[in-house]
Amino acid sequence: MANCGVYAITNTLNGHAYIGSSVNISQRWRAHVNSLNKNEHHSDYLQRAWNKYGADSFEFTVILLCDKKYKLYFEQVLLDGLKPAYNVALDASAPMQGLHHTEDEVRRMSERQKGKIGA
């Protein structure tokens, strides 16, 4: 079964959302939950909301399944139309364009990589 497409992580209490895409949506969802539970998610907006409202206040929804060559296109359409509150960047093809990691984020990323092979 195809598992490539666009998904949303929605706060069921206020309707705010995070939009993403992946070639393996179920694996990406597990990665989101893992980083959110460790307080290490790349979206500070989503992380703060997760910490404030709790995991039970969030719903994961597959919006659409598609061929991987179209996933960024459909993600961009949704980012442009919905302007989701929890997305840090609104460019699906260059999510860090014009953004910079804070010193704290750089330190946390460095700590996570220590002891890993190739790091």
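Placed above this text is the structure.
The residue numbers shown here count from 1 along each chain, following its written sequence. For a predicted model such as this one, the threshold for reporting local features is a pLDDT of at least 70, and the threshold for listing and counting side-chain atom pairs is 80 or more; totals across whole chains, interfaces and linings nevertheless cover every residue. Values shown for side chains rest on all heavy atoms present in the structure; no hydrogens or waters enter the calculation.

## Side note on helix H2 (residues 44–53)
Note the following rule: The buried label applies to any residue whose accessible area, calculated with a 1.4 Å probe on protein chains only, is under 20% of its type's maximum; exposed applies above 50%, and partly exposed to all values in between. Working definition: helices are DSSP H or I runs of at least four residues, strands are E runs of at least two. Numbering for both runs from the N terminus. Along the arc lie the directions from the helix axis toward the C-beta atoms. Note on definitions: a residue-residue contact is assigned when non-hydrogen atoms from the two residues lie within 4.5 Å.
Those residues of H2 lying buried are Leu46, Gln47, Ala49 and Trp50. Take H2 and look down its axis: the buried residues cluster within an arc of 165 degrees, on one side only. Projecting away from the buried face of H2 at angles above 90 degrees are the exposed residues Arg48 and Lys52. On its buried face, H2 sits against strand E1 (5–11), strand E2 (17–22), helix H1 (25–37) and strand E3 (58–65).

## Let's talk about the packing of aromatic side chains
Where we set the bar: Aromatic pairing here means that ring centres of Phe, Tyr or Trp (its six-membered ring) are within 6.5 Å. Orientation follows from the plane angle: under 30 degrees is stacked, over 60 is edge-to-face, and everything else is tilted.
Applying the stated criterion to the full structure yields 5 aromatic pairs. Both rings, one in Trp50 and one in Phe58, keep their centres 5.2 Å apart while their planes meet at 35 degrees; by these two values the pair is tilted. For the pair shown, Trp50 and Phe58 are each scored as buried. Ring plane angle 50 degrees and centroid distance 6.2 Å describe the contact between Phe58 and Tyr86, whose orientation is recorded as tilted. Of this pair, Phe58 sits in strand E3 while Tyr86 is found in the loop between helix H3 (71–82) and helix H4 (103–113), placing the two residues 28 residues apart along the sequence.

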